[in-house]
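Per-entry structural report
Here are the chains, one letter per residue:
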Amino acid sequence: MTCRSSASFATSALKVPAWCLLFLASFSVACNRGGDGARGGKPRIALVLKTLNSPFFNDMQRGAQEAADKLGVDLVVQAADREIDVERQMQIVENLIQSGVQALCLTPSGSKEVVPAVVKANRANIPVIIVDTRLDPAAAGQAGAKVVSFIGSDNYEGGRIAAQAVVAATNARANVGVLEGIPGHETGDSRLRGFREGIAASRGVRVVASQPANWERDQGFNVFQNMLQAHPDIDTVFACNDMMALGAVEAIRAAGRTGSIRVVGFDAVEDARKAIQDGTMVASVAQFPDEMGRVAVEHAVRAVRGEPVPADAKVRIELVTKQGSR
Amino acid sequence: MSRWIRGAGRRFGTVAALVALCVLLWILTPYFLTVPNLLNVMEQTSINAIVAVGMTYVIISGGIDLSVGSVLALSGVVLAEALKAQWAVPLAIAAALAAGAATGLVNGVGIALGRLPPFIMTLGMMSVARGAALLVTDGRPVSTFESGFRALAVGRVLGIPAPIVLTLAIYAVAHVVLTRTRFGRYVYGIGGNEEATRLSGVPVRFHKTMVYGVSGLTSGVAAILLTARLNTAQPIAGINYELDAIAATVIGGTSLSGGEGSLGGTIIGALTMGVLRNGLNLLGVSSFLQQLVIGAVIIAAVLIDLMLKERRA
């Protein structure tokens with residue numbers, strides 16, 4: 001009796017794979033982008049993003065895809081579920097190395113943490129192009145990680161431009177609340193450094209509070225709401241990205257102080273541009289992620305062909321205000 | 001005898017699902033069934049698999065531990081600060097394990113003596129341990145250690161990556177403890193019927209506390225591997241790891257209502273998730289679709305497990 005029933009669960013257990021099989025097969029047919037690797041000698045290039053839940057990286061992906069279509073490249077785009085999940089990003093890189101990509105474009109989720117992943121790509125002789133966030137030079141040097149090319153904005157310069165916008169908008173008298181990114185991220189740290197040095201010459205501009213809100217909109221809301229409780233005299237916000245700036249805009253609205261607190265952000269994503277037109281934000285520093293994606297793919301193709309690749313490519317930045325860009 | 005056959009039938013279901021998944025991937029992509037890729041998958045699975053050892057103990061005992069990811073971050077940070085302060089590697093590792101185990105024991109004391117529901121106690125600890133990790137490091141990652149330490153992640157034993165060897169060793173020890181010792185039997189007893197176990201003279205509170213200590217300890221071991229792997233300890237590491245560990249445990253056939261389950265099932269569960277993620281990357285499936293597929297597979301696996309159980313009953 002027992003044996004018979006155990007045999008019957010065995011057969012019904014075999015229905016598990018049938019389910020999974022159908023399930024996976026239907027998806028892989030729909031989305032397989034050259035998993036077989038044999039597609040008429042097209043170079044297969046990977047772009048690993050921090051996340052896909054952000055307009056910044058969506059734009060980067062679009063730029064990269066356009067370049068890939070033009071150059072006849074088979075582009076594989078992958079990202080972790082969450083921006084901060086470095087371990088998952090490392091797994092993706094390892095898996096893509098196994099799938100035989102010929103070049104890797106990577107936006108590091110952590111400047112130090114992805115260094116071992118870059119070393120693995122180096123060992124597999126896959127050229128690595130770093131986009132947006134630099135590797136930590138000390139960690140990369142110690143591990144011997146080699147990067148063919150870096151493509152990104154000058155975040156330090158961007159921070160200075162934001163500082164100038166604050167000084168200009170406030171006649172050099174302001175109590176500033178700063179929303180920082182995740183501590184220890186090179187991108188946010190550079191923006192913050194640029195901003196602090198940019199306001200150093202204007203004695204009337206003071207940073208009264210500075211707290212991390214981890215790049216996220218809801219955290220920008222909460223952190224700024226708390227900041228405003230502790231420092232009701234804040235009249236200006238500098239947020240190291242627009243997501244946090246937009247969170248602060250909502251917190252200001254909730255406090256009924258729209259119009260009396262100026263908000264300067266970074267990235268000039270679409271919602272921020274709208275907020276600038278509506279007057280809820282003063283300015284944002286524009287980056288051009290689509291251009292980063294395009295240049296990354298172009299450099300990757302040159303690296304695959306063995307052509308010389310520029311080691312450093314700075315993508316332009318601009319200040320966006322209601323009057324336009326400059 | 002009949003119990004053994006039932007167990008085998010049950011195990012066969014999970015193994016068959018994993019094998020079928022592998023066969024499917026082998027058909028779909030030439031990169032899957034290669035030795036380097038299979039080692040790669042096992043290496044990637046090791047961290048979740050180790051966290052899931054403690055989770056399996058806790059779930060068999062009828063509890064839940066939501067704090068494992070935060071405890072992992074705290075242990076990693078303790079390890080990194082100790083290494084930075086020039087402690088000897090074994091001493092730093094011991095400190096990290098002690099931090100993990102101690103945090104777990106605090107959970108256990110709150111649950112066993114304070115009579116807090118495990119969900120609440122470990123939810124609170126999830127925040128406490130995360131806060132402590134952020135406080136110690138000022139929110140910044142701590143990095144770059146000597147090569148002797150990194151050998152734990154990059155070293156090989158007889159050609160097999162060290163993390164895989166470590167994982168198998170931990171499963172072997174944990175399996176023996178769970179199936180061959182008095183403590184192991186009490187874990188099943190407490191999960192199956194706590195009152196009956198207490199009435200038969202078992203010091204339930206003590207053993208319950210120890211179960212959460214085991215979970216903290218395995219999170220500490222996983223922290224050592226993760227830190228060696230990334231050459232960095234991050235105070236924000238391990239977010240949502242509790243969900244992966246719970247998923248591995250339940251895919252492996254451990255019942256969330258306690259009293260039954262096995263580590264053999266859990267390692268198959270962890271591998272199923274690892275293989276699925278690896279395969280979806282190799283196939284170049286969109287990242288959004290990957291989340292959908294993984295979630296659906298977890299639901300399907302547990303649903304089928306429940307159907308098998310009903311048939312048996």
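Predicted model only: the values in this text are computed from it and were never measured.

**Observations concerning the overall build of chain A**
Per the secondary structure count, chain A includes 12 helices and 13 strands. Looking at chain A residue by residue over its 326 residues, the buried ones come to 57%. Across chain A, contacts joining residues at least 24 apart in sequence account for 73% of those joining residues at least 6 apart.

**What to know about a nonpolar patch on the surface**
Side chains of Val15, Val19, Val23, Trp26, Ile27 and Leu33 of chain B sit close together on the surface and give an oily, nonpolar patch of about 560 Å² of accessible area. Its location among the elements puts Val23 of chain B in helix H1 (residues 2-28).

**So, empty space enclosed by the protein**
The method is simple in principle: a probe with the dimensions of a water molecule rolls over the atoms, and the space it marks as empty is what remains. Scanning the model with the defined rule gives 4 cavities of 30 Å³ or more in all. Taken as a whole, the largest cavity encloses approximately 80 Å³ of empty space. Forming the boundary of the largest cavity are 13 residues, of which Ile84 and Asp85 of chain A together with Ile236, Ala237 and Gly238 of chain B lie nearest the centre. Looking at the lining of the largest cavity, the elements that each hand over two or more residues are helix H4 (86-98) of chain A together with helix H10 (204-230) of chain B. Looking at the lining of the largest cavity, its residues break down into 8 nonpolar, 2 polar and 3 charged.

**Observations regarding the packing of H4 of chain A against helix H5 (residues 115-123) of chain A**
Residue and element names in this part refer to chain A. The N-to-C vectors of H4 and H5 enclose an angle of 5°; their axes lie 9 Å apart at closest approach. Taken together, the axes of H4 and H5 lie roughly parallel to each other. Here Met90, Val93, Glu94 and Ile97 of H4 come into contact with H5, specifically with Pro116, Ala117, Lys120 and Ala121.

**So, the environment of Gly184 of chain B**
All names here are of chain B. Mapped onto the secondary structure, Gly184 falls in helix H8 (residues 182-192). Put simply, Gly184 and Val250 are 66 residues apart on the chain and 19 Å apart in space, counted from C-alpha to C-alpha. Those residues in contact with Gly184 that lie beyond four places of it in its chain are Val177 and Leu178.

**A look at the sheet that holds strand E13 (residues 324-325) of chain A**
Residues and elements named next belong to chain A. Read from one edge to the other, the open sheet built from 7 strands follows the order E7-E6-E8-E9-E10-E12-E13, with strand pairing classed as mixed. Either end of the sheet is taken by a strand with one partner, and the two such strands are strand E7 (205-212) and E13. Across 3 bridges, strand E8 (residues 236-239) lies against strand E9 (residues 262-267) in parallel orientation. Each residue of the ladder has a partner; that of Thr236, found in E9, is Arg262. Relative to E7, helix H8 (residues 186-200) is tilted by about 165°, and along the sheet it contacts strand E6 (174-180), E7, E8 and E9.

**Structural notes on helix H11 (residues 270-278) of chain A**
All names here are of chain A. Buried within H11 are the following residues: Ala272, Ala275 and Ile276. In an axial view of H11, the angular spread of the buried residues amounts to 100°, which keeps them on one side of the axis. Facing away from the buried side of H11, by more than 90 degrees, are the exposed residues Glu270 and Asp278. Gly279 occupies a position one or two residues after H11 and carries a positive phi of about 90°.

**What about the pairing of E8 of chain A?**
All names here are of chain A. Along E8, one buried face is formed by Thr236 and Phe238 and the opposite face, lined by Val237 and Ala239, is buried too. Bridging between E6 and E8 involves 4 bridges; their strand directions are parallel. Within the sheet, the bridge partner assigned to Val176 lies in E8 and is Thr236. Of the crossover connections in this fold, the one passing from E8 over helix H10 (residues 242-254) to the parallel E9 is right-handed.

**Describing the pattern of salt bridges**
Taken as a whole and assessed by the stated rule, the structure comprises 22 salt bridges over all chains. The residue Glu250 of chain A makes a salt bridge to Arg253 of chain A at a minimum N-O spacing of 3.2 Å. In this pair, Glu250 of chain A and Arg253 of chain A are both assigned in helix H10, 3 residues apart and thus about one turn of the helix distant. For Arg253 of chain A, a relative accessible area of 44% puts it in the partly exposed group. Several salt bridges share partner residues, and in doing so they unite Glu87, Glu94 and Lys120 of chain A together with Glu43 and Arg229 of chain B into one network.

**Describing the packing of aromatic side chains**
All names here are of chain A. A complete count under the given rule lists 3 aromatic pairs over all chains for this structure. The cationic tip of Arg191 hangs over the ring face of Phe266; the distance from NZ or CZ to the ring centre is 3.9 Å. Above the plane of the ring of Phe288 lies Arg316, whose end atom (NZ or CZ) is 3.8 Å from the centre.

**Description of the environment of Asp267 of chain A**
All names here are of chain A. Checked against the element boundaries, Asp267 lands in strand E9. In sequence terms Asp267 and Pro55 are 212 residues apart; their C-alpha atoms lie 9.7 Å from each other. In contact with Asp267, not counting residues within four places along its chain, are Phe56, Arg191, Asn241, Asp242, Ser284, Val285, Ala286 and Gln287. Of note is the side chain of Asp267, whose polar atom sits 2.7 Å from the side chain of Gln287.

**Examining the sheet that holds strand E5 (residues 149-152) of chain A**
All names here are of chain A. The 6 strands are arranged E2-E1-E3-E4-E5-E11 in an open sheet whose pairing can be described as parallel. Every interior strand has two partners, whereas the edge strands, strand E2 (74-79) and strand E11 (312-314), have only one. Pairwise comparison of adjacent strand axes, ignoring direction, gives a mean angle of 15° for this sheet. Against the sheet, helix H3 (residues 55-71) engages strand E1 (44-49), E2 and strand E4 (128-131), with an angle of about 170° to E1.

**A closer look at the side chain of Thr45 of chain B**
Residues and elements named next belong to chain B. Here Thr45 is to be found in helix H2 (residues 35-60). Take Thr45: its relative accessible area is 5%, and that puts it in the buried class. In this structure Thr45 touches Ala270, Leu271 and Gly274, once residues within four positions along its chain are discounted.

**Examining the pairing of E4 of chain A**
Residue and element names in this part refer to chain A. Covered by surrounding structure in E4 are Val128 and Ile130 together with Ile129 and Val131, the residues of both alternating faces. For strand E3 (residues 103-106) and E4, the ladder comprises 3 bridges, and the chain directions are parallel. Across the sheet, residue Cys105 finds its bridge partner in E4, namely Ile129. Handedness of the crossover is the feature at issue here: the chain leaves E3, passes through H5, returns alongside E4, and the resulting connection is right-handed. Note that E4 and E5 share 3 bridges and pair parallel. Looking at the pairing, Val131 lines up with Ile151 of E5. Traced from E4 through helix H6 (residues 137-143) to E5, the parallel crossover comes out right-handed.

**What to know about the packing of H8 of chain B against H10 of chain B**
Residues and elements named next belong to chain B. Across the interface, H8 lies against H10 with an axial gap of 10 Å and an inter-helix angle of 100°. Considered as vectors, H8 and H10 are oriented roughly perpendicular to each other. Taking contact as the criterion, the partners of Phe183, Tyr186, Val187 and Ile190 in H8 are, on H10, Val204, His207, Lys208, Met210, Val211 and Val214. Of the residues in the contact of H8 with H10, the class split is 8 nonpolar, 1 polar and 1 charged.

Rules behind the numbers
- Residues numbered from 1 in each chain as written.
- Chains lettered and ligands numbered in written order.
- Predicted model: local features only at pLDDT ≥ 70, side-chain atom pairs only at ≥ 80, totals over all residues.
- Heavy atoms only, no water.
- Helix = DSSP H or I, 4+ residues; strand = E, 2+ residues; numbered from the N terminus.
- Buried < 20%, exposed > 50% of the residue type's maximum accessible area, 1.4 Å probe, protein only.
- Contact = heavy atoms within 4.5 Å.
- Patch = residues over 30% accessible without salt bridge, like charges linked within 9 Å, V, L, I, M, F, W, Y side chains within 5 Å.
- Areas by Shrake-Rupley, 256 points an atom, 1.4 Å probe, with all protein chains shown as cover.
- Salt bridge = Lys/Arg side-chain N within 4 Å of Asp/Glu carboxyl O.
- 1 Å grid on protein atoms, 1.4 Å probe; cavity = no way out; pocket = protein on both sides within 12 Å on 5 of 7 lines; lining within 4 Å.
- Points joined across faces, edges and corners; volume = space filled by probe spheres on them.
- Nonpolar A, V, L, I, M, F, W, Y, C, P; charged D, E, K, R; others polar.
- Axes fitted to C-alpha atoms, helices over the stretch in contact; angles between N-to-C directions.
- Parallel < 35°, antiparallel > 145°, perpendicular 65-115°, else oblique.
- Pairing = 2+ DSSP bridges.
- Arc of directions from axis to C-beta.
- Right-handed = clockwise from strand over helix to strand, strands pointing away.
- Phe/Tyr/Trp six-rings, centres within 6.5 Å; stacked < 30°, edge-to-face > 60°.
- Lys NZ or Arg CZ within 6 Å of the ring centre and 35° of its normal.
- Polar contact = N/O pair within 3.5 Å; in protein donor to acceptor, adjacent residues only side chain to side chain.

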